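Reading the structure
Given next are the chains, with one letter for each unit.
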Amino acid sequence: QVQLVESGGGLVQPGGSLRLSCAASGSIASINAMGWYRQAPGKQRELVASITYGGITNYVDSVKGRFTISRDNAKNTVYLQMNSLKLEDTAVYYCSAGVKVSRNSNYYPNYWGQGTQVTVSS
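Let us look at the structure shown here. Just so we're clear, the structure is a prediction, and the values are computed from it rather than from any experiment. (Residues numbered from 1 in each chain as written. Predicted model: local features only at pLDDT ≥ 70, side-chain atom pairs only at ≥ 80, totals over all residues. Heavy atoms only, no water.)

On a plain count of helices and strands, the chain comes out with 0 helices and 11 strands. In the chain, the order of α-helices and β-strands from amino to carboxyl end is β-β-β-β-β-β-β-β-β-β-β. Whereas a compact globule of 122 residues would reach a radius of gyration of roughly 14 Å, the chain reaches 14 Å, a difference of no more than 12%. By its C-alpha atoms, the chain is 45 × 30 × 25 Å across when sized along the principal axes. The proportion of buried residues among the 122 residues of the chain is 42%. Counted over contacts in the chain with a minimum sequence separation of 6, partners at least 24 positions apart contribute 54%. Surface exposure of the chain reaches about 6300 Å², of which carbon and sulfur atoms provide 47%. (Helix = DSSP H or I, 4+ residues; strand = E, 2+ residues; numbered from the N terminus. Rg over C-alpha atoms; globule rule 2.2 N^0.38 Å. Buried < 20%, exposed > 50% of the residue type's maximum accessible area, 1.4 Å probe, protein only. Contact = heavy atoms within 4.5 Å. Areas by Shrake-Rupley, 256 points an atom, 1.4 Å probe, with all protein chains shown as cover.)

Attention now moves to the state of the cysteines. According to the stated counting rule, one finds 1 disulfide in the structure shown. With its sulfur 2.0 Å from that of its partner, Cys22 forms a disulfide with Cys95. Linking Cys22 and Cys95, the disulfide has an S-S dihedral of approximately -80 degrees and is accordingly described as left-handed. Pair noted here: Cys22 is in strand β3 (residues 18-26) and Cys95 is in strand β9 (residues 91-100), with a separation of 73 residues, a long-range link. You'll find Cys22 and Cys95 in the same group, each marked buried. (Disulfide = S-S within 2.5 Å.)

Attention now moves to the pattern of salt bridges. A full pass over the atoms with the stated rule returns 4 salt bridges. Across the salt bridge formed by Arg38 and Glu46, the nearest N and O atoms sit 2.8 Å from each other. A relative accessible area of 6% places Arg38 in the buried class. As a salt-bridge pair, Arg38 and Asp89 come within 2.9 Å of each other at their nearest N and O atoms. Here Arg38 is found in strand β4 (residues 33-39), whereas its partner Asp89 is found in the loop between β8 (77-82) and β9, with 51 residues between them in sequence. Each of the two residues, Arg38 as well as Asp89, counts as buried. One continuous salt-bridge network, built from bridges that share partners, spans Arg38, Glu46, Arg66 and Asp89. (Salt bridge = Lys/Arg side-chain N within 4 Å of Asp/Glu carboxyl O.)

Take the side chain of Arg38 next. A polar contact of 2.8 Å, which involves the side chain of Arg38, links it to the side chain of Glu46. One polar contact links Arg38 to Asp89, side chain to side chain, over a distance of 2.9 Å. In this structure, Arg38 is in contact with Gln44, Arg45, Glu46, Val48, Ser62, Val63, Phe67, Asp89, Ala91, Val92 and Tyr93, ignoring residues within four places of it in sequence. (Polar contact = N/O pair within 3.5 Å; in protein donor to acceptor, adjacent residues only side chain to side chain.)

Let us look at the pairing of strand β11 (residues 116-120). Consecutive side chains along a regular strand alternate between the two faces of the sheet. Where burial is concerned, the two faces of β11 differ: the one with Thr116, Val118 and Val120 is buried and the one with Gln117 and Thr119 is not. Both strand β2 (residues 10-12) and β11 contribute to a ladder of 3 bridges, which runs parallel. If you follow Gly10 over to β11, its bridge partner there is Val118. The pairing of β9 with β11 spans 3 bridges and is antiparallel. Bridge pairing in β11 places Ala91 opposite Val118. (Pairing = 2+ DSSP bridges.)

Given below as structure tokens:
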């Protein structure tokens, strides 16, 4: 089992920034990638960004150039730096851990964090 603990959500004005953190513990050897999902009211959950332990990253088009996913493998921690935040970024953000079989394969989440609320409002 892998346990994920998230932090860093909050209320921010449009154009502002937040950094989310997610610390993993447990059977770390069973995963090789981590990712951030988000879900807004009335909308489906979507994958925002993912990263492998080798540093390969992927982003949904709507956040490219604004969000950056990074990791500290020694601390088993993944981060999501969110800049130039927009109203439509408002959602519950979920950390996840799973596997990515190859460079061109999809990311498959197997474990989930508790979620952290990000609200962008003036």
